[in-house]
Amino acid sequence: MANKNSDKYKERRWSVPSKRAKGYADDLRAKVHTYGKKEGEELTNKEFALRMGYLQAQNDNAGIYKYKKALAEGKSKEQAVKISRQRGKAS
């Protein structure tokens with residue numbers, strides 16, 4: 001049984017976390033797979049949970065990075081917490 005996407009996804013690819021997160025966010029919004037061998041198929045509860053967990057981990061990693069960077073710049077812990085909770089790039 002040949003899949004129409006079999007050639008398109010034959011080669012293994014690695015994606016940077018931000019691109020993977022964007023793809024997962026698109027999947028969650030559409031509630032279907034938006035790429036890969038299962039493109040167009042509905043997400044199962046397990047796949048939905050895995051994507052949500054991945055996005056939460058990326059958010060946590062960004063927050064701890066901003067927190068540690070703010071502390072290294074000499075900011076107080078309270079200021080570092082406030083900066084780490086802001087969305088987007090730290091100013």
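Everything that follows concerns the structure shown earlier in this document.
From a predicted model like this one, the values you see are computed outputs, not experimental measurements.

**Student:** An account of unusual backbone geometry is needed here, citing residue identities and associated values.
**Tutor:** One non-glycine residue, Lys31, lies in the positive phi region at around 65°. Relative to the helices and strands, Lys31 resides in the loop between α1 (17–30) and α2 (45–72).

**Student:** Requested: an account of the packing of α2 against helix α3 (residues 77–84), with residues and values cited.
**Tutor:** Relative to each other, α2 and α3 sit at 145°, their axes nearing to 8 Å. The crossing of α2 and α3 is right-handed. Where α2 approaches α3, its residues Gly63, Lys66, Tyr67, Ala70 and Leu71 are matched on the opposing element by Lys77, Ala80, Val81, Ile83 and Ser84. The residue makeup of the contact of α2 with α3, split by class, is 6 nonpolar, 2 polar and 2 charged.

**Student:** Describe the packing of aromatic side chains, with residues and values.
**Tutor:** The full count for this structure, using the stated rule, is 1 aromatic pair. The interplanar angle of 80° and the centroid separation of 5.2 Å between the aromatic rings of Tyr24 and Tyr54 together place this pair among those described as edge-to-face. Here Tyr54 lies in helix α2 and Tyr24 lies in helix α1, a separation of 30 residues in the sequence. Classification of Tyr24 as buried rests on a relative accessible area of 14%.

**Student:** Outline the pattern of salt bridges, supporting the account with residue identities and numerical values.
**Tutor:** Inspection of the entire model under this criterion finds 4 salt bridges. Linking Lys22 and Asp26 is a salt bridge whose minimum nitrogen-to-oxygen distance equals 3.3 Å. With a gap of 4 residues between them, Lys22 and Asp26 both fall in helix α1, about one helical turn apart. For Asp26, a relative accessible area of 26% corresponds to the partly exposed category. As a salt-bridge pair, Arg29 and Asp26 come within 2.9 Å of each other at their nearest N and O atoms. Of this pair, Arg29 and Asp26 are both found in helix α1, 3 residues apart, which corresponds to roughly one turn of the helix.

**Student:** Could you give an account of α3, with specific residues and numbers?
**Tutor:** If you check which residues of α3 are buried, you get Ala80, Ile83 and Ser84. One side of α3 holds all its buried residues, which, seen down the axis, span an arc of 95°. For α3, exposure combined with an orientation more than 90 degrees from the buried face picks out Glu78 and Lys82. Residues of α3 that are buried in the fold lie against α2.

Reading the values: the criteria
Residues numbered from 1 in each chain as written. Predicted model: local features only at pLDDT ≥ 70, side-chain atom pairs only at ≥ 80, totals over all residues. Heavy atoms only, no water. Helix = DSSP H or I, 4+ residues; strand = E, 2+ residues; numbered from the N terminus. Axes fitted to C-alpha atoms, helices over the stretch in contact; angles between N-to-C directions. Left-handed = near helix turned anticlockwise from the far one by under 90°. Contact = heavy atoms within 4.5 Å. Nonpolar A, V, L, I, M, F, W, Y, C, P; charged D, E, K, R; others polar. Phe/Tyr/Trp six-rings, centres within 6.5 Å; stacked < 30°, edge-to-face > 60°. Buried < 20%, exposed > 50% of the residue type's maximum accessible area, 1.4 Å probe, protein only. Salt bridge = Lys/Arg side-chain N within 4 Å of Asp/Glu carboxyl O. Arc of directions from axis to C-beta.

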